[in-house]
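What follows is the residue order along each chain.
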Amino acid sequence: MYTEEIEMYLEEYKEDLTKALNHHSDELMQIRAGRANPKIIERIMVDYYGTMTPISQMATISVPEARMILVNLWDNSMLKAVAKAIEAANLGLNPSDDGKVIRLVFPQLTEERRRDLVKDVNKYTESAKVVCRNARRDVLDVFKKMKKNSEISEDDLASLEKDVQKYLDDTIASIDKVSANKEKEIMEV
């Protein structure tokens with residue numbers, strides 16, 4: 001139905017929406033919800049013999065209990081450096097080590113802290129929606145330019161606008177669903 005060029009723009013647009021959704025999900029995984037989630041510390045960088053390295057590439061990260069993360073380093077000489085990096089990440093966690101492993105115990109969240117975390121989720125959600133809307137604007141600008149240059153008809157433009165809006169609506173619904181699940185997880189006592 002559409003030309004190859006239009007299909008290419010639509011595919012690029014869908015990719016942008018998917019990237020925004022995936023990025024949003026990743027950001028929400030980083031929010032501490034009272035339960036232990038290894039993703040919270042995976043990206044923390046540690047100076048490993050002169051190279052900044054994520055903890056996930058230097059250790060086995062496990063969750064032995066619902067509110068505890070166990071970091072079992074492959075090189076025990078890095079114990080203090082990793083503990084210091086976790087403290088510096090300002091996650092509200094106090095690492096404790098016994099010379100072999102680092103334990104991170106998640107304290108119960110207060111009601112006020114839960115509400116603050118929900119506000120953070122809402123900020124991330126709105127940010128993701130803005131990225132999606134910007135992608136829609138960009139692709140529609142391209143199609144309007146094509147219409148202006150008589151490369152597509154008025155009917156084609158209207159059809160494209162509907163398709164683009166449908167993709168956007170589906171992605172925003174997915175973003176809202178991910179956010180609602182995270183809010184539910186945060187507010188769960």
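Residues numbered from 1 in each chain as written. Predicted model: local features only at pLDDT ≥ 70, side-chain atom pairs only at ≥ 80, totals over all residues. Heavy atoms only, no water.

> An account of the pairing of strand β2 (residues 51-54) is requested, with residue identities and associated values reported.
Across four bridges, the pairing between strand β1 (residues 45-48) and β2 is antiparallel. From the neighbouring strand, V46 faces β2, where its bridge partner is T53. Between the antiparallel neighbours β1 and β2 lie two residues, among them Y49 with a positive phi of about 50 degrees. (Pairing = 2+ DSSP bridges. Helix = DSSP H or I, 4+ residues; strand = E, 2+ residues; numbered from the N terminus.)

> Describe the environment of M146, with residues and values.
With respect to the helices, strands and loops of the structure, M146 is situated in helix α4 (residues 111-148). Separated by 140 residues in the primary sequence, M146 and I6 place their C-alpha atoms 9.5 Å from one another. What M146 contacts, discounting residues up to four positions off in sequence, is E5, I6, Y9, E151 and I152. (Contact = heavy atoms within 4.5 Å.)

> Can you explain the packing of aromatic side chains? Please cite residues and give values.
Inspection of the entire model under this criterion finds three aromatic pairs. For the ring pair Y9 and F143, a centre distance of 6.2 Å and an interplane angle of 85 degrees mean the geometry is edge-to-face. One end of the pair, Y9, is in helix α1 (residues 4-29); the other, F143, is in helix α4, with 134 residues separating them in the sequence. Under the relative-accessibility criterion, F143 is labelled buried at 0%. Ring geometry for Y13 and Y167: centres 6.4 Å apart, planes at 50 degrees, overall tilted. Placement of the pair is Y13 in helix α1 and Y167 in helix α5 (residues 154-187), with a sequence separation of 154 residues. (Phe/Tyr/Trp six-rings, centres within 6.5 Å; stacked < 30°, edge-to-face > 60°. Buried < 20%, exposed > 50% of the residue type's maximum accessible area, 1.4 Å probe, protein only.)

> If you had to explain the packing of α1 against α4 to someone new, which residues and values would you point to?
The contact between α1 and α4 brings their axes to 9 Å, and the two run at 175 degrees. The angle between the axes of α1 and α4 places the two elements in the roughly antiparallel class. When α1 is examined against α4, the residues E5, I6, Y9, L10, Y13, D16, L17, A20, H24, E27 and L28 are found in contact with a partner set consisting of V121, Y124, T125, A128, V131, C132, A135, R136, V139, V142, F143 and M146. Partitioning the contact of α1 with α4 into residue classes produces 17 nonpolar, two polar and four charged. (Axes fitted to C-alpha atoms, helices over the stretch in contact; angles between N-to-C directions. Parallel < 35°, antiparallel > 145°, perpendicular 65-115°, else oblique. Nonpolar A, V, L, I, M, F, W, Y, C, P; charged D, E, K, R; others polar.)

> Account for α5, naming residues and giving values.
Taking 1.5 Å per residue as the helical rise, α5 with its 34 residues ought to reach 50 Å, and the 49 Å between its terminal C-alpha atoms agrees with that figure. Three or more residues of α5 are buried, namely L157, L160, V164, L168, T171, I172, I175, S179, K182 and I186. Lining the buried residues of α5 we find α1 and α4. (Expected span 1.5 Å × (residues − 1).)

> Explain the nonpolar core residue by residue, including any values.
Buried together is how nonpolar side chains tend to be arranged in soluble globular proteins. Membership of the largest hydrophobic core comes to 22 residues, with the highest contact counts inside it found for I55, V71, V82 and I102. Contributions of two or more residues to this core are made by α2 (39-42), β3 (59-65), β4 (68-73), α3 (79-88) and β6 (102-105). The element best represented in this core is α3, accounting for five residues. (Core = buried A, V, L, I, M, F, W, Y, C linked by side-chain atoms within 4.5 Å.)

> Got a sec to walk through α3? Specific residues and values, please.
Within α3, the full set of buried residues consists of L79, V82, A83, A85 and I86. Here the buried residues of α3 occupy an arc of 160 degrees about the axis, which is enough to place them on one side. Residues of α3 that are exposed and point more than 90 degrees away from the buried face comprise K80, K84 and A88. Buried residues along α3 sit in contact with β1, β4, β5 (95-97) and β6. Positive phi shows up at N90, right after α3, with a value of about 55 degrees. (Arc of directions from axis to C-beta.)

> Run through the pairing of β4, naming residues and quoting values.
Across five bridges, the pairing between β3 and β4 is antiparallel. In the strand pairing of β4, S62 is matched with L70. Taking the residues between adjacent antiparallel strands as the criterion, β3 and β4 are bridged by two residues. Across four bridges, β4 lies against β6 in antiparallel orientation.

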